[in-house]
Amino acid sequence: MKKSIFLTALALAFCLSVGFSGCATSQATKEEKAARQARVAQAVADSLSRRSFTVEVNYINPQRLPSRQLSYGYGVTIRNGEVIESYLPFFGQVYRAEFGEQTGLNFTEKIVQYQAGQVKKDRYAVELVVRRRLEMLVYRFDIFDNGRTTLTVSSDNRDTMYFTGEMLVEE
């Protein structure tokens, strides 16, 4: 009898210790967090100085429709400040439509104009102009040193679109 109570108590203690060990979290020290933030900020600055970066977007705020979460895979890639690869959805009104297939904001084009600079201690602004068939598109990125990014895409032929996402950085 005493042996079964002892074994039951031992089994219960083991189960509780295993259960509570899953609840333990490792807390990064302030120094580790600061070092990681510094590495990310340096990676963001390096990407912008090379004029080559990728932003993945996960949220869209159309001008005339409700905001919505986006599925995986949407984003924009800038290569050497010369070429843009845009894979973004478009929800809104088009004022002057082109004939043929309409693919939203999915294209690869040459950048006509590129401007970038640091506007605050922790924020950069990148603005670029792209000519795509009959329209001029302006992409304005506000990139924070933690990689968070807001993107505004405006055109003379479409409603303005607002996106939020994150710059992909290598630490």
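Overview of the structure.

Conventions used here
- Residues numbered from 1 in each chain as written.
- Predicted model: local features only at pLDDT ≥ 70, side-chain atom pairs only at ≥ 80, totals over all residues.
- Heavy atoms only, no water.
- Helix = DSSP H or I, 4+ residues; strand = E, 2+ residues; numbered from the N terminus.
- Buried < 20%, exposed > 50% of the residue type's maximum accessible area, 1.4 Å probe, protein only.
- Contact = heavy atoms within 4.5 Å.
- Expected span 1.5 Å × (residues − 1).
- Arc of directions from axis to C-beta.
- Pairing = 2+ DSSP bridges.
- Phe/Tyr/Trp six-rings, centres within 6.5 Å; stacked < 30°, edge-to-face > 60°.

The next point concerns the overall build of the protein chain. When helices and strands are counted, the protein chain shows two helices and nine strands. Listed N to C, the secondary structure of the protein chain is α-α-β-β-β-β-β-β-β-β-β in terms of helices and strands. Scored against the burial criterion, the 171 residues of the protein chain give a buried share of 32%. Within the protein chain, counting contacts between residues at least 6 apart in sequence, those at least 24 apart form 46% of the total.

Bringing helix α2 (residues 30-50) into the picture now. Its 21 residues give α2 an end-to-end C-alpha distance of 30 Å, which sits within 8% of 30 Å, the value for a rise of 1.5 Å per residue. For α2, the complete set of buried residues consists of Val40, Ala41, Ala43, Val44, Ser47 and Leu48. Mapping the buried residues of α2 onto a view down its axis gives an arc of 160 degrees, with all of them on the same face. Exposed and oriented more than 90 degrees from the buried face of α2 are Glu31, Ser49 and Arg50.

With that settled, consider the pairing of strand β9 (residues 161-167). Summarising the sheet, strand β1 (residues 53-62) and β9 pair through seven bridges and their orientation is antiparallel. Residue pairing in the sheet places Val57 in a bridge with Gly165 of β9. Where strand β8 (residues 148-155) meets β9, six bridges bridge the pair, whose relative direction is antiparallel. The partner of Leu151 across the bridge, within β9, is Phe163. Where β8 folds back onto β9 in an antiparallel hairpin, the turn is made up of five residues.

Turning to the environment of Arg36, a few remarks are in order. Mapped onto the fold, Arg36 is located in helix α2. Judged by its relative accessible area of 44%, Arg36 falls in the partly exposed class.

Attention shifts here to the packing of aromatic side chains. For any pair of aromatic rings, the description consists of the separation of the ring centres together with the inter-plane angle of the planes. Counted under the stated rule, the structure contains four aromatic pairs. Seen from their ring centres, Tyr74 and Tyr87 are 5.1 Å apart, and the 15 degrees between their planes marks the pair as stacked. A residue pair is termed long-range when its members are at least 10 positions apart, and Tyr74 in the loop between β2 (68-69) and β3 (75-79) and Tyr87 in strand β4 (residues 83-88) qualify at 13 residues. Taken together, the ring pairs in this structure connect Phe53, Phe107, Tyr139 and Phe141 into an aromatic cluster.

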